[in-house]
Amino acid sequence: MEWTRSETLALAMHNCTQCHGSGLRFAKKGAIAAPCNCVLRAIFRICCDRFVRCVEQERHLSRISLEPHSGRQRPSTWGRKDEEYIADFCLISRRTLDDFEHQLFRYHFLLGADWKLCTRRLGIDRGNFFHAVYRIEQKLGRVFRELEPYSLFPLDEYFHGPARAGGGQALRVGNGPTRVTPRAENLRFPVPYGKTA
Ligand SMILES: [Zn+2]
């Protein structure tokens, strides 16, 4: 994918010393634009906030949404987008980060431990903690946006875009054959009115 200013401008930090608020960086004159780290971190934080909201509302109820399918006999399926998002967020992070980063990611972002607790638990100093947090945010921000065929970000497209046959993409792991787990029977769209199966 190509990063464009129209996308990065809204996400960039206005006072960023690297990109001066444009959200793009050019290694050399004429080189392909790369997203600034401030943009990648912004994407991560937006996705992470949504994750926290999904987890919290999950305790009360799960929103079920109708997902349109194109070019299929079955017109639509009922999907639990929030559950799918929670699973994608966790599995993509597990796949992207190394062991140390993932441990820190779990403590700090998933379990909410502050830097004091994390540094004690992981045996690192405060500087290393914040460096690692930045690294994690940048790595995941990029993957959440660049992931193909379905990116996690922008969230609007994830939650309201075209459906993915079989549900969560995170089920496709590594370079092995694509493994699409069929949707559970109770999540399938019932036969539409006026039609027979
Ligand atoms: Zn920047």
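Quick notes on the rules
- Residues numbered from 1 in each chain as written.
- Predicted model: local features only at pLDDT ≥ 70, side-chain atom pairs only at ≥ 80, totals over all residues.
- Heavy atoms only, no water.
- Donors = N, O, S within 2.8 Å, 3.2 Å for Na, K, Ca; no water.
- Tetrahedral: all angles 85-135°; square planar, octahedral: opposite > 155°, others 65-115°.
- Helix = DSSP H or I, 4+ residues; strand = E, 2+ residues; numbered from the N terminus.
- Buried < 20%, exposed > 50% of the residue type's maximum accessible area, 1.4 Å probe, protein only.
- Phe/Tyr/Trp six-rings, centres within 6.5 Å; stacked < 30°, edge-to-face > 60°.
- Lys NZ or Arg CZ within 6 Å of the ring centre and 35° of its normal.
- Salt bridge = Lys/Arg side-chain N within 4 Å of Asp/Glu carboxyl O.
- Axes fitted to C-alpha atoms, helices over the stretch in contact; angles between N-to-C directions.
- Parallel < 35°, antiparallel > 145°, perpendicular 65-115°, else oblique.
- Left-handed = near helix turned anticlockwise from the far one by under 90°.
- Contact = heavy atoms within 4.5 Å.
- Nonpolar A, V, L, I, M, F, W, Y, C, P; charged D, E, K, R; others polar.

### A closer look at the coordination of the zinc ion
In step 1: The coordination sphere of the zinc ion contains the protein donors Cys16 (SG), Cys19 (SG), Cys36 (SG) and Cys38 (SG), at a distance range of 2.3 Å.
In step 2: Given 4 donor atoms and angles of 107 to 113° at the metal, the environment of the zinc ion is assigned as tetrahedral.
In step 3: Taken in chain order, the donor set of the zinc ion reads C-x2-C-x16-C-x1-C. With cysteine 19 in the loop between helix H1 (5–8) and strand E1 (24–25) and cysteine 36 in the loop between strand E2 (34–35) and helix H2 (37–58), this pair connects stretches of sequence that are 17 residues apart.
In step 4: On the accessibility criterion, cysteine 36 (1% relative accessible area) is buried.

### With respect to the packing of aromatic side chains
Two numbers describe a pair of aromatic rings. These are the distance of the centres and the angle of the planes.
In step 1: The tally for this structure, following the rule as stated, stands at 12 aromatic pairs.
In step 2: Consider the rings of phenylalanine 89 and phenylalanine 144, whose centres lie 5.3 Å apart with planes at 35°: the pair is tilted. With phenylalanine 89 in helix H3 (residues 81–96) and phenylalanine 144 in helix H6 (residues 126–146), the pair connects residues that are 55 residues apart, well separated along the chain.
In step 3: Residue phenylalanine 89 is classed as buried on the basis of its relative accessible area of 0%.
In step 4: The exposure class of phenylalanine 144 is buried, given its relative accessible area of 0%.
In step 5: An aromatic cluster is built from Phe44, Phe51, Tyr85, Phe89, Phe105, Phe109, Phe144, Tyr158 and Phe159, whose rings are joined through pairwise contacts.
In step 6: Positioned above the aromatic ring of phenylalanine 159 is the side chain of arginine 50, whose terminal nitrogen or guanidinium carbon lies 3.9 Å from the ring centre.
In step 7: Note that lysine 81 overlies the ring of tyrosine 158, its terminal NZ or CZ placed 5.1 Å from the centroid.

### Here's the deal with the pattern of salt bridges
In step 1: Tallied over the full model, the rule gives 7 salt bridges.
In step 2: Where aspartate 99 meets arginine 94, a salt bridge forms, and the shortest distance between an N and an O atom there is 3.1 Å.
In step 3: Assessed through its relative accessible area of 59%, aspartate 99 is described here as exposed.
In step 4: With a relative accessible area of 37%, arginine 94 lands in the partly exposed category.
In step 5: Among the ionic pairs, glutamate 146 bridges to arginine 142, the shortest N-O distance being 3.2 Å. Note that glutamate 146 and arginine 142 are positioned in helix H6 at a spacing of 4 residues, about one turn of the helix.
In step 6: Overlapping salt bridges, with partners in common, bring together Glu101, Arg135 and Lys139 in one network.

### Notes on the packing of H3 against H6
In step 1: Where H3 meets H6, the closest approach of the two axes is 10 Å, and the angle between their N-to-C directions is 120°. As the angle between them shows, H3 and H6 are arranged oblique. Here H3 and H6 pass one another in a crossing that is right-handed. Listed contacts from H6 to Phe89, Ile92, Ser93 and Thr96 of H3 are Lys139, Leu140, Val143 and Phe144.
In step 2: In the contact of H3 with H6, the residues fall into 5 nonpolar, 2 polar and 1 charged.

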